[in-house]
Amino acid sequence: MIESERIKKLNEIDDASADFVIYWMQQSQRTTYNHALHYAIQKANEKNKPLLVYFGITDQFPEANLRHYHFMIQGLQQVQKNLLQRNIQFIIHIENPVDGICSLAKNAALVVVDCGYLKVQKEWRKKVADQIDCSLVQIESDVIVPVETASNKEEYAAYTLRPKIHRLLPKFLTELTANTVKRGSLDYDFSSINLSNISSVTSQLDVDTSVLPVSSFTGGEDEAKKVLDYFIKHHIKSFDTKRNDPSKKVTSQLSPYLHFGQISPLYIALNIKKNTPDYADSFLEELIVRRELSMNFVHFNDSYDTNFCLPSWAFESLQKHESDKREYVYTIDELEHASTHDAYWNAAQNEMKVTGKMHGYMRMYWGKKILEWTETVSKAFDHALYLNNTYELDGRDPNGFAGVAWCFGKHDRAWKERPIFGKVRYMNEAGLKRKGNLEEYITQVEKKVDEFGK
Ligand SMILES: Cc1cc2nc3c(=O)[nH]c(=O)nc-3n(C[C@H](O)[C@H](O)[C@H](O)COP(=O)(O)OP(=O)(O)OC[C@H]3O[C@@H](n4cnc5c(N)ncnc54)[C@H](O)[C@@H]3O)c2cc1C
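Below is a summary of the structure that appears in this document.

Calculation notes
Residues numbered from 1 in each chain as written. Predicted model: local features only at pLDDT ≥ 70, side-chain atom pairs only at ≥ 80, totals over all residues. Heavy atoms only, no water. Near = heavy atom within 4 Å. Polar contact = N/O pair within 3.5 Å; in protein donor to acceptor, adjacent residues only side chain to side chain. Areas by Shrake-Rupley, 256 points an atom, 1.4 Å probe, with all protein chains shown as cover. Helix = DSSP H or I, 4+ residues; strand = E, 2+ residues; numbered from the N terminus. Nonpolar A, V, L, I, M, F, W, Y, C, P; charged D, E, K, R; others polar. Domains from an automatic or database assignment. Buried < 20%, exposed > 50% of the residue type's maximum accessible area, 1.4 Å probe, protein only. Contact = heavy atoms within 4.5 Å.

**Quick word on the site of the ligand**
Here's step 1: Surveying the vicinity of the ligand reveals 26 residues, the closest of which are Thr251, Ser252, Gln253, Asn388 and Asp394.
Here's step 2: Contact distances for the ligand include 3.2 Å between an oxygen atom and a backbone N or O atom of Leu254.
Here's step 3: Side-chain polar atom of Glu286 to a nitrogen atom of the ligand: 3.2 Å apart, as the coordinates give it.
Here's step 4: Compared with its free state, where it exposes 830 Å², the ligand has 91% of that area covered by protein.
Here's step 5: Those elements giving two or more residues to the shell around the ligand turn out to be helix H9 (255-259), helix H11 (280-300), helix H15 (360-372) and helix H17 (398-407).
Here's step 6: At 6 residues, the largest contribution of residues to the shell around the ligand is made by H11.
Here's step 7: Among the residues forming the shell around the ligand, the class breakdown is 8 nonpolar, 11 polar and 7 charged.
Here's step 8: Here the shell around the ligand gathers at least three residues from each of two domains, domain 2 (143-176 + 221-300) and domain 3 (303-448).

Shown next, in the form of structure tokens:
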């Protein structure tokens, strides 16, 4: 059963009497616990029509590079295999998805689309809603509580969103059982690109190839489920006490999969609650409250990618201290090449570059130091976002925009005033060392650098 709050009609047009139903997949790149796919199958069956699934690979997605495409295509290979087993044709073209879906929609009774919250994803849906002649229905499947159901405004911080989310969890933390199509669509003769050779797909894309794929993560829903199982078996019991120690690596490692929609947060939460109920709380706080606070942020705050997104106390306090003397000032080139005086910061930057994922606690320190070492606040904000979105596999995500903004005061409270940071929370080496074995962390990153190169 799909809760009605997940369903939103994006145009005023009725369903057409045409050949098939289409699910335009963009955000939820998976076949299990995908409410949009489930709804599309249900509608196709009600109309006694076949279902097609469409994905447009575009090289125009902001800040996406070879590392991101490689991981995403690994995931799409599995989607294709899984849909085939369910008698559903997967049409993948290299093109602007808006053009692709508008062309296919000419023969569609209904288009179903999933839901990402970034500006570019919303713009695409708006264009398609305005251009097609059949109805476009959006289904929210990448959050546990639909964003506008949780709150109708931008929330100030986790403490203001938490009670709203918790009140709604009994309704939305519910199983989604797989359904099957009555009429298969494999007989349709649509062209589609061959995904089996990833390099031959990426060679057709005009993207930045200097950021190489990483071998530390393999994309796809099967892999995501293995990563979740491993976390449940080996690490969740230590999550609460050791998650901030970067040398311990007890966090789930699920963020790249969540970012590409290769695993559903609902599937993760239900599995955690079922298998390790006694250890679920602190993990679910991150997965649900913190993650969905990020979705709330990018959905309601159009300035999420600039320092204008900050609350006025932080913005004004940082401006007041902008001309304070900085002991160190680094260029973007020096930051990118991890050549600062700070061995911990350099290790974090190298971890991100080499493995595609920096440890969560280090991300806070890393972002705070960029603010401390850059001449202006807006430049520091841009540098942090640029590095995060270029090198993190999970970058370009609502969590990334919220995480960077947090370093500059978003979703936080005012602290004691000090140079450069004003009232924004400060972090230093001593605090970092109290969290874990930082020398061991540096050694681990150095080994990775030796193994994979910078
Ligand atoms: C400067 C900075 C940049 C960040 N950039 C990103 C980014 O680009 N993409 C990204 O997904 N996360 C980002 N985060 C948030 C967080 O650090 C990562 O989600 C987390 O480290 C991912 O590792 P994990 O999956 O092992 O997390 P776990 O600790 O196992 O948590 C499970 C899931 O909960 C969510 N989560 C955990 N911590 C947070 C948090 N602080 N805020 C929101 N959701 C959270 C994530 O979806 C994560 O996958 C950033 C944080 C900061 C401070």
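There's more to say after this.
**Describing helix H3 (residues 97-104)**
Here's step 1: Most of H3 is tucked away: 6 of the 8 residues are buried.
Here's step 2: Listing the buried residues of H3 in full gives Pro97, Val98, Gly100, Ile101, Cys102 and Leu104.
Here's step 3: Where the residues of H3 are buried, they touch strand S2 (20-24), strand S3 (51-57), strand S4 (89-94), strand S5 (108-113) and helix H4 (119-131).
Here's step 4: Among the residues of H3, the N-terminal cap falls to Asn96, whose side-chain oxygen and the backbone nitrogen of Val98 are separated by 2.7 Å.

**Focus: unusual backbone geometry**
Here's step 1: The phi dihedral of Glu63 is positive, around 65°, even though this residue is not glycine.
Here's step 2: Take Glu63: it is sitting in the loop between S3 and helix H2 (66-85).
Here's step 3: Exposure remark for Glu63: the relative accessible area of 40% places this residue in the partly exposed category.

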